[in-house]
Each structure stands twice: as C-alpha cells, then as structure tokens.
Amino acid sequence: MRMAKLMLKPSQLITLMLLPGLAGCGLTGAERKAAGGFSTSAEAFGKVSASDFAAMRDDETKLRMTAYTTGTAVQWDTGNKGGIEGLERTLSGPFTPDEVDLRIKAANTLAAYGTALNALVTFDDSQKLKASADSFASSLKALPPKLKVGPDSDADVISSVVQGIGGLFIERQKADALRRIVPLYQPQVDRLCDLLTREFDTDNPGYAADYRSIASTVRVEAASRLATAGKDVAVRRRALPAFADADRAYRWAEETFPAAKSAGLACTKASAALTQAVAARNFSFADIEDFAEKVQAIAAASDKWKSRSK
C-alpha cells in the first residue's frame, strides 16, 4: 500500500522552518545562572530580615521593660509624648508598630521578588508563576510612598508580562519576560536592599544601633548589680535572667547585624550584575555568588542566636 503524501499548508511549512530558531531564543546560560542565583538569595535575605525585624521588636520591648524596672539610672524616654502614647514610646522606642510594619513589608517585598523571579526561571506551572507574580505586585503596591521608586502601574507589569507563558515557545517567552522585568524593577530592588543595609548598620542611627544600645545598657547594669549585691537572692532572681537576656541580644547584634549589613551591600551589587546579565549577556557572576554567601552567613547566625531565646 502506498503511503499518503504529507501535504502541508504554506503557513505550516514556514512555522516548521522557523521553529528551531524561535525555540533557540530562550534564556542564555549566563542569564539562567544569574537570575537563579540572585532570586534564591533575594528570597532568603528578605525572609530572614523580616523575621529578624520581628524578633528585634519583641526583644526591644522586653529589654526596655527590664531596664525601666531594674535600673534607676536608665532615663524614662517618652519621645516627648504624653499619656499612653508616651508610655508606648517608652516600651517600644523606635520600634513602633507602624515603623516595624514598614520594614517587614520592605523585607517581604524583596523576598516576593525573589520568589517570582525563581518561579519564572524554573517554570513548571503557569498558575504558580502567576500567583508569585501577583504576590510581588501586591507587596510592591502596599509599600509606603517613601519606599516606592515608580508608580503603582509598574507593579502590575510583572503580572501582565508572565500572563499566558507556556506552550510551544516557552523558553523564548521566559527570556523576553526576564529581560523586561529585571531592568524595570532594579531601582526598586536597590531601594529595598539599601533600606536593609542601613537598618542593620550599628554605626548609624537605626534599628540595629538602638537594639544593640538597649541590650548593652541592660547587660552592663545587670552585671554591675550582680557584682555588688550578688549574695542577695532577691537581686539574683531579677538580675541574672536580665543579664542572660541582654547578653544573648547583645551577642546576637554583634554577630548577626554586621553580616546582615554586608548582605545588604552585596544585594545591591548582585542586582546590578543581574541587570548586566540580561542587558549585555556578559557579566561577572562573582557579585551574585558573594551575595549568596553573605545571605547564608546571616541566616546561620540569626538562627543560632534566635534559637537561644526559646
């Protein structure tokens, strides 16, 4: 029996001829490596920073309560506010609910960006990709105006760009999406990285400096009371737990915050390297590797000290 001839329409024939070229316009090895490395580190850095801010808030209140109830030399700081508002300021210092929420939102937005990028590079489910893109867009729009770089309309770009990715030319779609998303959001990512860098810098006014200061104050005062009245059991009952809490907090600050500051600086450099990778297809992976190493360092240090508070 003679086999029937396969008849193709001209449009089908053209598609078959172009298919190898179109399919080959996907992510380069450099782009895939850069985006994968940065996204994983950004997600981890954002998550550990958000967790640390929450832990610092809880510690700060506990340390301040200890300072004001055991150390008469500690000044009663109301932040020039009266009544209940002044008392809240006394207990929280700069760690007010609104300020803590702002920093946690910034950290979570960076993490959401990393999650969305990683979902794009490792695409295996269109719904998962769309959900992560929408989550980042929502986080970005929820940031306070002083932390936003562009208009809210920019936040929705990622959702529209990844919409419908899938099918025959998926690799090309992923590459096109990455090359549009990364340069668009780099200024915003840099703003978030800069915020985290500053807040973990104990040499400048900010959360890290205030946290270490109150921990140091309670630590020194409790040690002094133990040295001068350590035979008094009543003193021991209050001073020893106070010293233990303050010592843990102080040591956590000394080890973790410099690592977090370094990770923030590395985040900015890695963000620039990623943009270079998708723009020029020629970049050094060193900055992204450095970011990954520093994020691993802060995560390890943070986990070690926070576990001691349980």
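Right, let's walk through the structure included here.

So, how was this worked out
- Residues numbered from 1 in each chain as written.
- Predicted model: local features only at pLDDT ≥ 70, side-chain atom pairs only at ≥ 80, totals over all residues.
- Heavy atoms only, no water.
- Phe/Tyr/Trp six-rings, centres within 6.5 Å; stacked < 30°, edge-to-face > 60°.
- Helix = DSSP H or I, 4+ residues; strand = E, 2+ residues; numbered from the N terminus.
- Buried < 20%, exposed > 50% of the residue type's maximum accessible area, 1.4 Å probe, protein only.
- Disulfide = S-S within 2.5 Å.
- Patch = residues over 30% accessible without salt bridge, like charges linked within 9 Å, V, L, I, M, F, W, Y side chains within 5 Å.
- Areas by Shrake-Rupley, 256 points an atom, 1.4 Å probe, with all protein chains shown as cover.
- Salt bridge = Lys/Arg side-chain N within 4 Å of Asp/Glu carboxyl O.

1. Describing the packing of aromatic side chains
Applying the stated criterion across every chain, the model contains 13 aromatic pairs. Consider the rings of F38 and F291, whose centres lie 5.7 Å apart with planes at 40°: the pair is tilted. Placement of the pair is F38 in helix α2 (residues 29-70) and F291 in helix α11 (residues 286-307), with a sequence separation of 253 residues. F38 sits in the buried class, given a relative accessible area of 1%.

2. Some details on the state of the cysteines
All chains considered together, the criterion is met by one disulfide. C193 shares a disulfide with C267; S-S distance 2.0 Å. Placement of the pair is C193 in helix α8 (residues 170-199) and C267 in helix α10 (residues 233-280), with a sequence separation of 74 residues. Residue C193 shares its accessibility class with C267, and that shared class is buried.

3. Focus: a nonpolar patch on the surface
A cluster of nonpolar side chains, namely M65, L87 and L91, defines an oily patch on the protein surface of about 240 Å² accessible area. Note that L91 resides in helix α3 (residues 83-92).

4. Considering the pattern of salt bridges
Counted by the stated rule, this structure contains 24 salt bridges. Salt-bridge contacts for R172 lead to D176; the nearest nitrogen and oxygen are separated by 3.9 Å. Remark: D176 and R172 occur in helix α8; sequence separation between them is four residues, near one turn of the helix. R219 is paired through a salt bridge with D247; the nearest N and O atoms lie 2.8 Å apart. On the criterion of sequence distance, the pair formed by R219 in helix α9 (residues 207-229) and D247 in helix α10 is long-range, its members being 28 residues apart. We classify R219 as partly exposed; its relative accessible area is 21%. One salt-bridge network, held together by shared partners, links R32, E171 and K174.

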